[in-house]
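Results of the structural survey
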Amino acid sequence: MKEGVLSIRKKKEKITEQRIIQELAKIAFDDITNYLSFFVDENGEAKIVVKDSEALDTRAVAEITNSRSGFKFKLYNKQQALVKLGDYLGLWKRTPEEEIEDLDELEIMDP
């Protein structure tokens, strides 16, 4: 039986379920402080410094613009990625009893 074009492309591009979940998780759990530092200088003015791009994983960065009107830095939509991951994991279809059981196992993660 002939492989479909989509199947061949998936193999060629190495598109797997695991890779897609990893990319969504990167977007969902990323934080802007991985890219920018915020501080107040000695004059009391708020400053933003971009971190060295050589050391950054920029897969979650949607847009960077530097123009006369200012600097714009935007990450991909975190909420949308979280919803997609929740859909994949079936989190939104759970019964109240299952949710209570999950809360018993919940670990608070330190960002």
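This write-up is about the structure you can find in this document. On a predicted model such as this, the values are computed, not experimentally measured, just so you know.

1. Quick notes on the overall build of the chain
- For the chain, the count of helices and strands is four helices and four strands.
- Going residue by residue from the N terminus, the α and β elements of the chain occur as α-α-β-β-β-β-α-α.
- Split into buried and exposed, the 111 residues of the chain put 13% on the buried side.
- Nonlocal contacts in the chain, meaning residues at least 24 apart in sequence, comprise 40% of its contacts between residues at least 6 apart.
- Counting only carbon and sulfur atoms, one obtains 54% of the accessible surface of the chain, whose full area is about 9,900 Å².

2. Looking at a nonpolar patch on the surface
- On the surface, Ile32, Phe38 and Ile48 cluster together into a nonpolar patch covering about 280 Å² of accessible area.
- You can see Phe38 is positioned in strand E1 (residues 36-40).

3. Focus on the packing of helix H2 (residues 17-29) against helix H3 (residues 78-89)
- It is the contact of H2 with H3, at a shortest axis distance of 8 Å, that shows an interaxial angle of 140°. Classified by the interaxial angle, the pair formed by H2 and H3 is oblique. When the axes of H2 and H3 are compared, the crossing they make is left-handed. For the pair formed by H2 and H3, the contact residues are Glu17, Ile21, Leu24, Ala25, Ile27, Ala28 and Phe29 on the first element and Lys78, Ala81, Leu82, Lys84, Leu85 and Tyr88 on the second.
- Each residue belonging to the contact of H2 with H3 can be placed in one class, and the counts come to ten nonpolar, no polar and three charged.

4. What to know about the pairing of E1
- Both E1 and strand E2 (residues 46-50) contribute to a ladder of five bridges, which runs antiparallel. Within E2, the position partnered with Leu36 by the bridge is Val50.
- Hairpin geometry of E1 and E2 is characterised by an intervening segment of five residues between the two adjacent antiparallel strands and by a positive phi of about 80° at Gly44.

5. Examining the packing of aromatic side chains
- The full count for this structure, using the stated rule, is two aromatic pairs.
- Ring centres of Tyr35 and Phe73 lie 5.4 Å apart, and the angle between their planes is 40°; this geometry places the pair in the tilted category. In this pair, Tyr35 is assigned in the loop between H2 and E1 and Phe73 in strand E4 (residues 70-75), connecting sequence segments 38 residues apart. Accessibility classification places Tyr35 together with Phe73 in one group, the buried group.
- Judged by centre distance (6.5 Å) and plane angle (25°), the ring pair of Phe71 and Phe73 falls under stacked.
- The exposure class assigned to Phe73 is buried, which follows from its relative accessible area of 15%.
- Feature note: the residues Tyr35, Phe71 and Phe73 constitute an aromatic cluster, connected by ring pairs.

Rules used in this analysis
- Residues numbered from 1 in each chain as written.
- Predicted model: local features only at pLDDT ≥ 70, side-chain atom pairs only at ≥ 80, totals over all residues.
- Heavy atoms only, no water.
- Helix = DSSP H or I, 4+ residues; strand = E, 2+ residues; numbered from the N terminus.
- Buried < 20%, exposed > 50% of the residue type's maximum accessible area, 1.4 Å probe, protein only.
- Contact = heavy atoms within 4.5 Å.
- Areas by Shrake-Rupley, 256 points an atom, 1.4 Å probe, with all protein chains shown as cover.
- Patch = residues over 30% accessible without salt bridge, like charges linked within 9 Å, V, L, I, M, F, W, Y side chains within 5 Å.
- Salt bridge = Lys/Arg side-chain N within 4 Å of Asp/Glu carboxyl O.
- Axes fitted to C-alpha atoms, helices over the stretch in contact; angles between N-to-C directions.
- Parallel < 35°, antiparallel > 145°, perpendicular 65-115°, else oblique.
- Left-handed = near helix turned anticlockwise from the far one by under 90°.
- Nonpolar A, V, L, I, M, F, W, Y, C, P; charged D, E, K, R; others polar.
- Pairing = 2+ DSSP bridges.
- Phe/Tyr/Trp six-rings, centres within 6.5 Å; stacked < 30°, edge-to-face > 60°.

That's the geometry; what it means functionally is another story.
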